[in-house]
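If you want the building blocks of each chain, they are given just below.
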Amino acid sequence: MTTEPRTFPPRPLRAVKAAYIRQAGCPSSVAIAVADFEPWEGGVEFETADTSTVPGWSATEASELHEAFGSGVREELAELTTLDPGTTVAVAVVLRSIRAHEVDSHPRAFRQAGRQAVRNALLEAYGPPPTPWPRLP
């Protein structure tokens, strides 16, 4: 019996939303993003769509946010422990759009949003992880 190798994502995951919002005083953090997770060749490919501009931000500033989001995606994928053994990460992540707050958005917030996007994609692809509690007799 032959089985096909398993990969993440198992199918295209479109419009995966991620938000990292922390506003409990100063400093605050706001990062909102939408990305697609596409099956790809082995490894992680990241790109930014033309639609992910940020009104009121320079191209250089927006690029820093995009790069931070991509870094968060790569970090989270590198640390994955929730995938079954033998599952290969083979994904192209396309950042479709971001929203930024004029004061409270910064690269660290978008790095966290990238990590959250991966978690949300895993949830969409495989459902919630099994809960260890309560243990049944």
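Conventions and cut-offs
- Residues numbered from 1 in each chain as written.
- Predicted model: local features only at pLDDT ≥ 70, side-chain atom pairs only at ≥ 80, totals over all residues.
- Heavy atoms only, no water.
- Core = buried A, V, L, I, M, F, W, Y, C linked by side-chain atoms within 4.5 Å.
- Buried < 20%, exposed > 50% of the residue type's maximum accessible area, 1.4 Å probe, protein only.
- Helix = DSSP H or I, 4+ residues; strand = E, 2+ residues; numbered from the N terminus.
- Contact = heavy atoms within 4.5 Å.
- Salt bridge = Lys/Arg side-chain N within 4 Å of Asp/Glu carboxyl O.
- Expected span 1.5 Å × (residues − 1).
- Axes fitted to C-alpha atoms, helices over the stretch in contact; angles between N-to-C directions.
- Parallel < 35°, antiparallel > 145°, perpendicular 65-115°, else oblique.
- Left-handed = near helix turned anticlockwise from the far one by under 90°.
- Nonpolar A, V, L, I, M, F, W, Y, C, P; charged D, E, K, R; others polar.
- Phe/Tyr/Trp six-rings, centres within 6.5 Å; stacked < 30°, edge-to-face > 60°.

**A look at the nonpolar core**
- Counting 31 residues, the largest nonpolar core has Phe8, Leu13, Phe37, Phe69, Leu77, Val93 and Ile98 as its most contacted members.
- Of all elements in the fold, only strand S2 (13-22), strand S3 (29-39), helix H1 (59-78), strand S5 (88-99) and helix H2 (107-126) reach the threshold of two or more residues within this core.
- By residue number, the principal contributor to this core is H2, which donates 8 residues.
- With residues up to four places along the chain from it excluded, the contact list for Phe37 reads Phe8, Pro9, Arg11, Pro12, Leu13, Val16, Val91, Ala92, Val93, Ala117, Val118 and Ala121.

**Topic: the pattern of salt bridges**
- Counted by the stated rule, this structure contains 7 salt bridges.
- Between Asp36 and Arg96 there is a salt bridge; the shortest N-O distance is 2.8 Å. Here Asp36, found in strand S3, pairs with Arg96, found in strand S5; they are 60 residues apart in sequence, far enough to count as distant.
- Given a relative accessible area of 7%, Asp36 falls into the buried group.
- Judged by its relative accessible area of 33%, Arg96 is partly exposed.
- Via salt bridges that share partners, Glu75, Glu76, Glu79, Arg111, Arg115 and Arg119 belong to a single interconnected network.

**Examining H1**
- Counted at 1.5 Å a residue, the expected span for H1 with its 20 residues is 28 Å, and the 28 Å between its end C-alpha atoms agrees.
- Listed in full, the buried residues belonging to H1 are Ala62, Leu65, His66, Ala68, Phe69, Gly70, Gly72, Val73, Glu76 and Leu77.
- Close packing links the buried residues of H1 with strand S1 (7-8), S3, strand S4 (43-48), S5 and H2.

**Things to note about the packing of H1 against H2**
- Relative to each other, H1 and H2 sit at 40 degrees, their axes nearing to 7 Å. Compared by their axis directions, H1 and H2 come out oblique. Our pair here, H1 against H2, has a crossing hand that is right-handed. Counting all contacts with H1, which are made through Glu64, Leu65, Ala68, Phe69, Gly72, Val73, Glu75, Glu76 and Leu77, the residues of H2 involved are Pro107, Phe110, Arg111, Ala113, Gly114, Arg115, Ala117, Val118 and Arg119.
- By residue class, the composition of the contact of H1 with H2 is 10 nonpolar, 2 polar and 6 charged.

**Notes on the packing of aromatic side chains**
- Summed over all chains, the structure comprises 3 aromatic pairs.
- Measuring from ring centre to ring centre gives 6.1 Å for Phe46 and Phe69, while their planes differ by 40 degrees; the resulting arrangement is tilted. With Phe46 in strand S4 and Phe69 in helix H1, this pair connects stretches of sequence that are 23 residues apart. An identical accessibility class is assigned to Phe46 and Phe69; each is buried.
- Among the aromatic residues, ring-to-ring pairing joins Phe8, Phe37 and Tyr126 into one connected group.

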